[in-house]
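Chain by chain, the residues run as shown.
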Amino acid sequence: MIELTKHQKKIARKLINLGLQRECAKFMQSTKDFMNKNASAEDAHDAYLNLYKRIDNFDEHIAQRYDGISGGQYYITVYSLYFDGVLRDEDIREFDDELYNSLKEAKKSFQN
């Protein structure tokens, strides 16, 4: 496991927050699309139950990914956000060259 410096942890916290903001924005947009699509549903209760299920699933995802993260988990959290496409190359560029290249290489090795 890679041990982050204090400065790298500060950057990681910023990127983890950015990831949370992006995931929430994406979810809000997909929920808006869902609502527009189901606004005139014949079975409003069924549409409501589907909406509730979407929100509950997203809440579980967010809790699992972001709740209770300690400094020792920052690298793997940033990596998973980067691997999943939530963070981009330009985002992780804030890290020094060594850590930036480490993240890029790790992602590349799992994509092949």
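Residues numbered from 1 in each chain as written. Predicted model: local features only at pLDDT ≥ 70, side-chain atom pairs only at ≥ 80, totals over all residues. Heavy atoms only, no water.

### Some words on the overall build of the protein chain
Along the backbone of the protein chain there are five helices and zero strands. Element order for the protein chain, N to C, with α for helix and β for strand: α-α-α-α-α. The C-alpha extent of the protein chain, read off along each of the three principal axes, is 55 × 30 × 20 Å. A fraction of 67% describes how many contacts in the protein chain between residues 6 or more apart in sequence connect residues 24 or more apart. Of the roughly 7800 Å² of accessible surface on the protein chain, a fraction of 51% belongs to carbon and sulfur atoms. (Helix = DSSP H or I, 4+ residues; strand = E, 2+ residues; numbered from the N terminus. Contact = heavy atoms within 4.5 Å. Areas by Shrake-Rupley, 256 points an atom, 1.4 Å probe, with all protein chains shown as cover.)

### What about a negative patch on the surface?
Together, D56, D59, E60 and D67 line one region of the surface with negative charge. One can find D56 in helix α2 (residues 44-66). (Patch = residues over 30% accessible without salt bridge, like charges linked within 9 Å, V, L, I, M, F, W, Y side chains within 5 Å. Salt bridge = Lys/Arg side-chain N within 4 Å of Asp/Glu carboxyl O. Lys, Arg positive; Asp, Glu negative; His and termini not counted. Charge placed at Lys NZ, Arg CZ, Asp CG, Glu CD.)

### A short note on the pattern of salt bridges
Going through the model one piece at a time under the given rule, you end up with six salt bridges. Put simply, K14 and E94 hold a salt bridge, and the shortest N to O gap is 3.1 Å. Separated by 80 residues along the polypeptide, K14 in helix α1 (residues 6-38) and E94 in the loop between α4 (89-92) and α5 (97-111) bring together distant segments of the chain. A salt bridge links R65 to E23, with the nearest nitrogen and oxygen atoms 3.0 Å apart. In this pair, R65 is assigned in helix α2 and E23 in helix α1, connecting sequence segments 42 residues apart. E23 matches R65 in its accessibility class, with the two residues each being buried. Among the charged side chains, a salt-bridge network with shared partners connects E23, R65 and D84. (Buried < 20%, exposed > 50% of the residue type's maximum accessible area, 1.4 Å probe, protein only.)

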